[in-house]
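Here is how the chains run, residue by residue.
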There are 2 protein chains.
Amino acid sequence: MAQPVEHEELTVPDGRSGCPINMTMELLGDRWSLVVLRDVMFGGRTRFRELLGHSLEGIASNVLASRLAKLTDAGLLSRHAVPGHRQKIDYFLTDAAIELVPLIIELGSWGARWLPTTPELTIRAQLLADGGPDVAQRFMDELRSIHLDHQPPADNGVLAELGAAHRRAVEQA
Amino acid sequence: MAQPVEHEELTVPDGRSGCPINMTMELLGDRWSLVVLRDVMFGGRTRFRELLGHSLEGIASNVLASRLAKLTDAGLLSRHAVPGHRQKIDYFLTDAAIELVPLIIELGSWGARWLPTTPELTIRAQLLADGGPDVAQRFMDELRSIHLDHQPPADNGVLAELGAAHRRAVEQA
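**Side note on the nonpolar core**
Grouped together as the largest cluster of nonpolar side chains are 99 residues, with contacts concentrated most on Leu76(A), Trp110(A), Leu76(B) and Trp110(B). For Leu76(B), the residues in contact, after removing those within four places along its chain, are Trp110(A), Leu10(B), Leu27(B), Leu28(B), Leu37(B), Leu71(B), Phe92(B), Leu93(B), Thr94(B), Ala96(B), Ala97(B) and Leu100(B).

Right, here's the structure in full:
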């Protein structure tokens, strides 16, 4: 963080103040944006229909469409036409969105500690929080491979570990 | 985080799902709640008039009132009548709010990296992020002393260091 910024900043409208906490909440402080990013990040879902059909929270179609557009405009998702399907679009995380991993881990960790969450929906957040910076870094590296380089998820990657732990928790529930 | 929960959980309405990321965003995913908590946390402001008058973002009086009520109902702020002033209320952070420090540090760190923030409003977020878990822990200990035990801020505490760094940055701006 102390290093000079070497990447392009996101383009956001002039806001209420230039405080970084305020600016992040102006961009992401709504009830759905980070939940949509969570689904792209953890669910490996990159298409509108998958994100809509698998939504745990039953997101409405118009809300999902508006959040995907907002996140794309902000530079947190990138749209790619699926080869051979002119109308199908994959949404991939950008580097700025991948760097939200530590923030999303903190959201999950605080929620798991203080809110009456569902155990089988909490196991992934717990594993990530317990894993510390090393696991967060491995997870971000894996997301870069999938979303920036368009490689398939590794069989022994963090996503595979989280998925296996989640399935075990569902079986035991 | 892997330890059993030994404290009371916050009381929140039944929501969209029991996922901890979702539940935290259902509670705090609006454009003002975390900004109000930031001001109580960093600004040392505990009264309505101070929070209103010093708001960097010019929060409206009715919005501030509604967020203070919401955060109090959720168990993130506690109201204390100022001795001798029946109508004056101090708002103090609860332990649940103090434990949002790592999340708020991540909000500031991500915002400082990716958004066109104002340098003199970014220095505190940078110092906290650069300080790592030790400084976050010292900061939470200091907030517990102020908000739970109602002690004055220490002259050599994290809040004093952050305030001094902010003043130096303003002078150089």
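Once the structure has been displayed, the description carries forward.
**Some points on the relation of the copies chain B and chain A**
In the superposition of chain B on chain A (RMSD 0.0 Å, axial shift 0.0 Å), the rotation amounts to 180°. Here the symmetry operator amounts to a two-fold rotation axis. Interface overlap between copies is the fraction of interface residues in one copy that are interface residues in the other; for chain B against chain A it reaches 100%, indicating a shared surface.

**Some thoughts on the side chain of Asp90(A)**
Residues and elements named next belong to chain A. Among the structural elements, Asp90 can be located in strand 2 (residues 85-93). By relative accessible area, which is 11% here, Asp90 ends up buried. A polar side-chain atom of Asp90 sits 2.7 Å from a polar atom in the side chain of Thr46. Every residue in contact with Asp90, bar those within four places of it in the chain, is listed here: Thr46, Arg47, Ser78, Arg79, His80 and Val82.

**Some words on the side chain of Thr24(A)**
Residue and element names in this part refer to chain A. Within the secondary structure, Thr24 is located in helix 1 (residues 20-28). Owing to a relative accessible area of 0%, Thr24 belongs among the buried residues under this scheme. Among the polar contacts made by the side chain of Thr24, one reaches the main-chain carbonyl oxygen of Pro20 at a distance of 2.8 Å.

**Some remarks on helix 6 (residues 101-114) of chain A**
Helical geometry note: an α-helix holds 3.6 residues per turn, so side chains three or four residues apart project in the same direction. Compared with an ideal rise of 1.5 Å per residue, which puts 14 residues at 20 Å, helix 6 of chain A spans 20 Å between its outermost C-alpha atoms and is within 8% of the ideal. Along helix 6 of chain A, the positions that sit buried rather than exposed are Val101(A), Leu103(A), Ile104(A), Ile105(A), Leu107(A), Gly108(A), Ser109(A), Trp110(A), Gly111(A), Ala112(A) and Trp114(A). Summarising the contacts, the buried residues of helix 6 of chain A are in contact with helix 2 (33-43), helix 5 (95-98) and helix 7 (119-148) of chain A together with helix 1 (20-28), helix 5 (95-98) and helix 6 (101-114) of chain B.

**Description of the interface of chain B and chain A**
Taken together, the 58 residues of chain B in the interface contact 58 residues of chain A. Here chain B and chain A share an interface that buries about 5,600 Å² over both sides, 67% of which is from carbon and sulfur atoms. Summed over the shared surface of chain B and chain A, the result is four salt bridges. Ionic pairing is found between Glu99(B) and Arg113(A), a salt bridge with its closest N-O pair at 2.4 Å. In this structure, the connection of chain B to chain A is made through 22 residue pairs in polar contact (both at pLDDT 80 or more). Those elements that place two or more of their residues in the side of chain B that touches chain A are helix 1, helix 2 (33-43), helix 5, helix 6 and helix 7 (119-148) of chain B. A per-element tally of the side of chain B that touches chain A places helix 6 of chain B first, with twelve residues. Residue classes in the side of chain B that touches chain A are distributed as 32 nonpolar, 13 polar and 13 charged.

**Notes on the environment of Ala125(B)**
All names here are of chain B. Mapped onto the elements of the fold, Ala125 is located in helix 7. We classify Ala125 as buried; its relative accessible area is 11%. Taking the C-alpha atoms as reference points, Ala125 and Ile105, 20 residues apart in sequence, are found 6.3 Å from one another.

**Concerning helix 2 of chain A**
Residues and elements named next belong to chain A. In terms of burial, helix 2 is a largely internal element, ten of the eleven residues being buried. Along helix 2, the residues classified as buried are Ser33, Leu34, Val35, Val36, Leu37, Arg38, Asp39, Val40, Met41 and Phe42. Once helix 2 finishes, Gly44 follows within two positions and takes phi at roughly 60°, a positive value.

**Regarding the pairing of strand 2 of chain A**
Residue and element names in this part refer to chain A. One ladder, built from six bridges, connects strand 1 (residues 77-82) with strand 2; its direction is antiparallel. Among the inter-strand pairings, Val82 is bridged to a residue of strand 2, identified as His85. Following strand 1, the chain reverses through two residues before pairing antiparallel with strand 2; Gly84 in that reversal takes a positive phi of roughly 85°.

**Re the packing of helix 1 of chain A against helix 2 of chain B**
Between helix 1 of chain A and helix 2 of chain B, whose axes approach to 10 Å, the crossing angle comes to 165°. One finds that helix 1 of chain A runs roughly antiparallel with respect to helix 2 of chain B. Considering only the axes of helix 1 of chain A and helix 2 of chain B, their crossing is right-handed. Contacts between helix 1 of chain A and helix 2 of chain B involve Ile21(A), Asn22(A) and Met25(A) from the former and Leu34(B), Val35(B), Arg38(B) and Phe42(B) from the latter. Looking at the contact of helix 1 of chain A with helix 2 of chain B residue by residue, the classes come out as five nonpolar, one polar and one charged.

**As for the packing of aromatic side chains**
Residues and elements named next belong to chain A. Following the criterion strictly, the structure yields two aromatic pairs over all chains and no others. Both rings, one in Phe42 and one in Phe139, keep their centres 5.3 Å apart while their planes meet at 40°; by these two values the pair is tilted. Linking Phe42 in helix 2 with Phe139 in helix 7, this pair joins segments that are 97 residues apart in sequence. Here Phe42 matches Phe139 in class, with each residue buried.

Basis of the calculations
- Residues numbered from 1 in each chain as written.
- Chains lettered and ligands numbered in written order.
- Predicted model: local features only at pLDDT ≥ 70, side-chain atom pairs only at ≥ 80, totals over all residues.
- Heavy atoms only, no water.
- Core = buried A, V, L, I, M, F, W, Y, C linked by side-chain atoms within 4.5 Å.
- Buried < 20%, exposed > 50% of the residue type's maximum accessible area, 1.4 Å probe, protein only.
- Contact = heavy atoms within 4.5 Å.
- Least-squares fit on C-alpha atoms with pLDDT ≥ 70 in both.
- Helix = DSSP H or I, 4+ residues; strand = E, 2+ residues; numbered from the N terminus.
- Polar contact = N/O pair within 3.5 Å; in protein donor to acceptor, adjacent residues only side chain to side chain.
- Expected span 1.5 Å × (residues − 1).
- Buried area = accessible area lost by both parts, 1.4 Å probe.
- Salt bridge = Lys/Arg side-chain N within 4 Å of Asp/Glu carboxyl O.
- Nonpolar A, V, L, I, M, F, W, Y, C, P; charged D, E, K, R; others polar.
- Pairing = 2+ DSSP bridges.
- Axes fitted to C-alpha atoms, helices over the stretch in contact; angles between N-to-C directions.
- Parallel < 35°, antiparallel > 145°, perpendicular 65-115°, else oblique.
- Left-handed = near helix turned anticlockwise from the far one by under 90°.
- Phe/Tyr/Trp six-rings, centres within 6.5 Å; stacked < 30°, edge-to-face > 60°.

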